[in-house]
Every structure is written in C-alpha cells, then in structure tokens.
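Next come the chains, spelled out residue by residue.
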Amino acid sequence: MSTEVESIDRQQTDVLILGSGGAGLFAALHAKDLAPELKVTVAVKGLLGKTGCTRMVQGGYNVALAPGDSAERHFMDTVEGGKWLNNQDLAWTLVTEAQVRIRELENELGCYFDRNPDGSVHQKAFAGQTFDRTVHKGDLTGIEIINRLMEQTWARDVDKLEDHRAIELVKSKDGSRISGVLFIDMRTGHFRFVQAKAVLLATGGGPTMYKYHTPSGDKSCDGMAMAMRAGLALRDMEMVQFHPTGLIAGSDTRMTGTIIEEGLRGFGGYLLGGDEERFMHKYDERNERATRDIVSRAMFTEMRAGNTAANGGLYITMKHLDTPQVRKNFKGMVERCADCGFDLAEGLVEVVPTAHYMMGGAEFEADCSTAIDGLFAAGEDTGGVHGANRLGGNGVANSTVFGGIAGDTIAKWTPEHGQFAEPDGSEIEAAIARAGRPLCQPVGGGGTTIDDVRVRLYDLMWEDAGIIRDLESLKRAEAGLEELDADLDKAGVTGTDLAYNLTWHDWLNLKNLILVSKAITAAATARDDSRGAHYRADFPDVRDVENSRFTRVKLTDGAIDITTEPVKLTRVKPGETLLTEGAAE
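Residues numbered from 1 in each chain as written. Predicted model: local features only at pLDDT ≥ 70, side-chain atom pairs only at ≥ 80, totals over all residues. Heavy atoms only, no water.

Moving on, we come to the overall build of the protein chain. Looking only at helices and strands, the protein chain has 14 helices and 18 strands in total. Taken over C-alpha atoms, the radius of gyration comes to 23 Å for the protein chain, in line with the 25 Å a tight globule of 585 residues would show. Going through the 585 residues of the protein chain one by one, you find that 62% of them count as buried. If you take every contact in the protein chain between residues at least 6 apart in sequence, the share linking residues at least 24 apart comes to 74%. Looking at charge distribution, the protein chain has the averaged site of its 64 positive side-chain charges lying 1 Å from that of its 88 negative ones. (Helix = DSSP H or I, 4+ residues; strand = E, 2+ residues; numbered from the N terminus. Rg over C-alpha atoms; globule rule 2.2 N^0.38 Å. Buried < 20%, exposed > 50% of the residue type's maximum accessible area, 1.4 Å probe, protein only. Contact = heavy atoms within 4.5 Å. Lys, Arg positive; Asp, Glu negative; His and termini not counted. Charge placed at Lys NZ, Arg CZ, Asp CG, Glu CD.)

The first and last C-alpha atoms of helix α10 (residues 394-417) sit 32 Å apart over 24 residues, in line with the 34 Å expected at 1.5 Å per residue. With respect to burial, α10 is a largely interior element, 19 of its 24 residues being buried. (Expected span 1.5 Å × (residues − 1).)

The next thing to look at is empty space enclosed by the protein. Overall, the coordinates contain two cavities of 30 Å³ or more when judged by the stated rule. The computed volume of the largest cavity comes to approximately 110 Å³. Along its surface, the largest cavity is lined by R165, A166, I167, E168, R229, A431, R434, A435, W507, L508, K511 and N512. Counting only elements with at least two residues in the lining of the largest cavity, the list comes to β7 (164-171), α11 (425-436) and α14 (502-526). (1 Å grid on protein atoms, 1.4 Å probe; cavity = no way out; pocket = protein on both sides within 12 Å on 5 of 7 lines; lining within 4 Å. Points joined across faces, edges and corners; volume = space filled by probe spheres on them.)

This part is about the side chain of K32. Mapped onto the elements of the fold, K32 is located in helix α1 (residues 22-34). Discounting residues that sit within four places of it in the chain, K32 has contacts with L38, K39, V40, D157 and V158.

When two helices pack together, you describe them by how their axes are tilted relative to each other and by the distance separating the axes. Contact geometry for helix α12 (residues 450-464) and helix α13 (residues 471-490): axes closest at 9 Å, N-to-C directions at 170°. With respect to their mutual orientation, α12 and α13 come out roughly antiparallel. For the pair α12 and α13, the contacting residues are V453, R456, L457, L460, M461 and D464 in the first and S473, L474, R476, A477, G480, L481, E483, L484, D487 and L488 in the second. In terms of residue class, the contact of α12 with α13 is made up of nine nonpolar, two polar and five charged. (Axes fitted to C-alpha atoms, helices over the stretch in contact; angles between N-to-C directions. Parallel < 35°, antiparallel > 145°, perpendicular 65-115°, else oblique. Nonpolar A, V, L, I, M, F, W, Y, C, P; charged D, E, K, R; others polar.)

The next subject is the nonpolar core. Membership of the largest hydrophobic core comes to 105 residues, with the highest contact counts inside it found for L18 and L182. Per-element accounting of this core gives the leading share, 12 residues, to α14. With sequence-adjacent residues up to four places away left out, L18 is seen in contact with A43, A166, L169, V181, F183, V199, L200, L201, A202, T203 and M226. Ranked by size, the runner-up nonpolar core spans 47 residues in total, among them A23, V63, L94 and V158. (Core = buried A, V, L, I, M, F, W, Y, C linked by side-chain atoms within 4.5 Å.)

Time to look at α11. Helical geometry note: an α-helix holds 3.6 residues per turn, so side chains three or four residues apart project in the same direction. Here α11 contains 12 residues, and its C-alpha end-to-end distance of 16 Å stays within 8% of the 16 Å for a straight helix at 1.5 Å per residue. Within α11, the full set of buried residues consists of I428, A431, I432, A435 and G436. Taken down its axis, α11 places every buried residue within 125° of arc, on the same side. In the core, the buried residues of α11 are packed alongside β7, β8 (178-185), β9 (190-201) and α14. (Arc of directions from axis to C-beta.)

A few words now on the pattern of salt bridges. Counted according to the given criterion, the structure contains 50 salt bridges. R289 serves as the salt-bridge partner of D132, at 3.7 Å between the closest nitrogen and oxygen. Placement of the pair is D132 in the loop between β4 (123-124) and β5 (134-135) and R289 in the loop between β12 (270-272) and α7 (292-304), with a sequence separation of 157 residues. The partner of E482 in a salt bridge is K518, and the shortest N-O contact between them spans 3.4 Å. Taken together, the positions of E482 in helix α13 and K518 in helix α14 put the pair 36 residues apart, joining distant regions of the chain. (Salt bridge = Lys/Arg side-chain N within 4 Å of Asp/Glu carboxyl O.)

What links the strands of a sheet is backbone hydrogen bonding, and the strands pair in either a parallel or an antiparallel sense. Pairing within the open sheet is antiparallel, and its three strands lie in the order β3-β5-β4. Taken across any chain shown, the strands that pair with only one partner, and hence form the sheet edges, are β3 (61-62) and β4. Here β3 runs beside β5; their pairing, made up of two bridges, is antiparallel. Note on β5: the bridge partner recorded for Y61 is V135. (Pairing = 2+ DSSP bridges.)

Going through the model one piece at a time under the given rule, you end up with 10 aromatic pairs. Measuring from centroid to centroid gives 5.1 Å for Y210 and F242, while their planes differ by 80°, and the two rings are edge-to-face. Residue Y210 is found in the loop between β9 and α5 (222-229), and its partner F242 is found in strand β11 (residues 240-247); the two are separated by 32 residues along the sequence. With relative accessibility at 0%, the residue Y210 sits in the buried group. According to the relative accessible area criterion, F242 is buried, its value standing at 5%. A ring pair is formed by F376 and W413, whose centres lie 5.5 Å apart and whose planes are at 75°; its orientation type is edge-to-face. Of this pair, F376 sits in strand β16 (residues 375-377) while W413 sits in helix α10, and the two are 37 residues apart along the sequence. Across the pair, exposure class does not vary: F376 and W413 are buried alike. Connected via pairs of aromatic rings, a cluster forms that spans Y210, Y212, F242, F300 and W462. In this arrangement the basic side chain of R101 is found over the ring face of F26, its NZ or CZ atom lying 5.5 Å from the centre. The ring of Y270 carries the charged tip of R278 above its face, separated from the ring centre by 3.7 Å. (Phe/Tyr/Trp six-rings, centres within 6.5 Å; stacked < 30°, edge-to-face > 60°. Lys NZ or Arg CZ within 6 Å of the ring centre and 35° of its normal.)

This part is about the environment of A27. Structurally, A27 is set in helix α1. Classification of A27 as buried rests on a relative accessible area of 0%. Placed 322 residues apart in sequence, A27 and V349 show a C-alpha to C-alpha distance of 39 Å. With residues near it in sequence (within four places) discarded, A27 still touches I17, L200, G403, G404, A406 and G407.

This part is about the environment of A290. Structurally, the position occupied by A290 is in the loop between β12 and α7. A relative accessible area of 0% places A290 in the buried class. C-alpha separation for the pair A290 and V542, spaced 252 residues apart in sequence, amounts to 17 Å. Setting aside its immediate chain neighbours within four residues, A290 contacts A127, R265, D284 and V295.

This is a description of form; function is not addressed.
Here it is as structure tokens:
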C-alpha cells in the first residue's frame, strides 16, 4: 500500500459533517438554511440516515411542555440524575433548546408524535424523572425523527459521502487549526482527503467494547478515538451507561443486547430474578423506576449471586398489566420479542444490562466549538451534558439540540473565520500507515485472529471495567488492553481486494475500541468514589459532592494522561434547587 500523500484522492468542501444521525443531519440543515452559499457535505460510514443510533431510539424525547412541568424541573432532574458532574451551562442549554427543537421537529420537519385525546402531545413516564415528559411516536421514535431529517436532507443542496469511513482529523501544517479529514472510501478501499474550512464531529459514541451492547454494529467510538489522536481532551470517560433491559436471545444472534425499552418499566413492568420474584425493592424505593445506573447495578448483583434465568440473565414481565394496552402502546417491542420467541405482553422475557451510551466525550462549549480552531462537536461524541448518568429520553434531545446549534454556529463562523489550511502531510502519512498495518501482516500472524481479540475485549470490559469495578479489576483491564492491542497489531488481513473489505474495517473498529477502552479504564481508576454509572466496589460511597471534580483524559505521545478538574456549579449547588416551593411539590 502506497503512503504517498500526493497519490490519494482529494476534494474540498466549506463544511464537512462527520455522521448522519440526529446531530449531523440537524447541523447540515441548519447550516444550509442560514448560509445557503456554503458547500455542506455529510460523510457517513454507511448510508445516510440508515446507520447509527438515532434511528434505533425507541423510548422518546424529553422536553418540558405540559402544565406543571418546566425547564427548571427538567434541569434539576438532569443534574441530580447526573450526580452533579454535569456542565450546568450545557445542561441548561439542553433543557431550554429542547422546547424549541421539538416544535421544529413537528412544525418544520414533519414529525408527528403521539397525542392525547384532546390533541395535546402525549408524554410518557421514564425512569429517574419527577414528571412524565417523554414525547414519543409509539416505541419507534427514532425512526420517525431520522426519516424526516433524511427526507429534508435529500431535498436540500447537501453533498453526501456515503460508505466513507473517517480515520483521522488532520490539522494544518502549523498545527493551529483543522485542515480536513482523511477517509477510506469503503466502496473501493482507497484513501480520500477532504479539506474543509469547518468540520463537525458527530459520529456518535457506541460502547460496543462490552459483551452486551445496544448500538448498531457500525459503531466503534471512531469519533472519540480520532479526537484523542488529534489532541482533544475527553471528560467523564468512566461514565458508561448500561441500559437495564437488553434482550437475551442467544449467542448466535445480534438481537442479543438490543433494548427492551425503558417505557415498559415506566408503564409498570416488573423485573424478576431467575426465581421469578421481584427484587428491586431491595435496592431502591422507586423499584423498577429507579435510574438506569441503580437498576443495572441491582440486576448485575442478582446475576452474580446466581439468581438467573436459563441464559444467565433476568426477566421482565408485563403480564400483570392490561394486555391490549401493552400490545397497543409497545407494538414494536411486542413484535421484536415475538420474533425471538418471547411473549412480552403475557409471558417472561429474558433480559440483561447492556452497554448503551457514553456520557463522556470530547470537551466542547455550548456553541459546539472545541479547543481546535475550526473543529466543532455535537451529540454522543461530546461529554459534559449528562454528567455521571444520562436520563432516558435526554439522548436524542442532546443530539438534535446541539446538532442544530452546531449548524447555526458553523454557518456564522465559516464565512468570517473559515479558511482552507494546508494539511500536515506527516499526519496523513502516519494515519495511512496505521490503517494499513494489518494489510502488511500475515493472516493469523502471532497466532491470534481478529475474532479472538473481539471476544476477549468483550469479556474483559464486561467483567473488569463494566457495571461494578474495583482497583484490582481495573488493573486487570489495563494490562489486558495492552495485551489485546499488541495482539491486534500482529493480526493480518487479506488485502487483495480492499472494496468493502469488512475484515479490515473490523480491525480498524477494534483499534479504536481498544484506545477508547483505555480511556475508560484510566478515568475509572482515577475516580476513587462512586458516582452515577461509575460504581467502585472498593469506594462505594459518593463523596464530597460540593467539591465535585470531573476526569479529563488526553493522549500524549501515545500514552494516556489523566487529570481531574473542578466542576463549575454555575447555576445551582447541591442542596439547592431552581424550583419554587410550589413547583417542587
């Protein structure tokens, strides 16, 4: 494989958006609407609007709309759920702009959400919230949102680079700003450098390094890994959310790990142990409606104690509820379970906590700018909005809110400050050499295979850096990741045909997942208390909330550097509230 920079394909665009989920497509639409003269290009690893996680959203969209609810109440639920680690300015932006964005989704983009008999928007209960504020379209909300965004994007003068995998954020020769992004055109296997005045990182997260996980198979933390290699700081990386109810359908199907949505527990569903008895009352007074971190930890504890079903999981049941209502309200979930041989409405469905969302990510400002001039970020690639735990329904709100803001910011910034900067050729050379490494190795080299590395990574992160951690397990994870990284470097891939060479892309996926796993492990080791999704069995208590600090991870000369920084309590402090006495009742 040639690494001559001059030999790769090149093109230019004013604005380059990485990712076509809620954040990426909202950014494209907003940028094009505000600055129609700009050339806007959306690049995506798969097909536009058909890959990623936004279209997989089931539950809904949190927003304060109803009488009795307010942005202040939504904000307090968000920061209390985040255990006071949130960047409060980002959290406030989320809850206030969600009220704008939900109307934009319906009135301008054409989404239609479920209604009450009086015609008002129906909002259902989600765990960890003091008000029923989750707007939804049945239990397939993400498909409604992404389909409308996709239609609008195809109707606009927005360029598309489908089946293009971003592998490196390339800075300018003098290192002062972003120059563009290096891609692999998956259709041919050729490298392509796209020079841009402004770049938006919106690839999504996707903690697919765990044995059980919800995101689509194309997710491999590419954006976070690229951000680390570009020198950006990542915050809160120890905070990996496990959704309590991932389907267990057997080891031979990708359906295992996919979500059985949270609205089922909000509707009154019960979690049962292998003995078919409820257990959540032992862990939290809210029972099944406790926050995701508490429910997942309780389930994991029951599983470790051996109170399990046939496949090692637990059960969810709705059979004590009104069966026709369950079938009506959760049609998609009932059908999904039926496809796997389970009767959700009248029987038992085996479930397991499943890695779902990363609260951590690149540090960014409320206008979506980052520390690199010309590089912006939005959605799950970013950290700070959710703190230590994301409320169900705040995820798609995050993507659409900050995606729109990113588009607005870029549209205003680019004409005034944007410029095409000459790329650092050495960065492109190094990235091509790194990506091409497995093509130069013998297949089966070192006695290991890519599949072997993947399975070992799944087990290592699940057992040692997952729902319950301690220093000993994290040290095992740290050593195990170094071993896996070395073994992966020895694994070769057949390079005779690079077009849609999925084995090569599996290797690249694992390389990114291992790097981000190192960041998770380092941050989890540094946080010697328990907070939200991060639970240390050797430090089980929440400590010193008033003086909370967040973890910051950077990659320096190939090594993980970890520091902590104080959380700025800009709007409210622990023990205080933004609610008036009447509103808090």
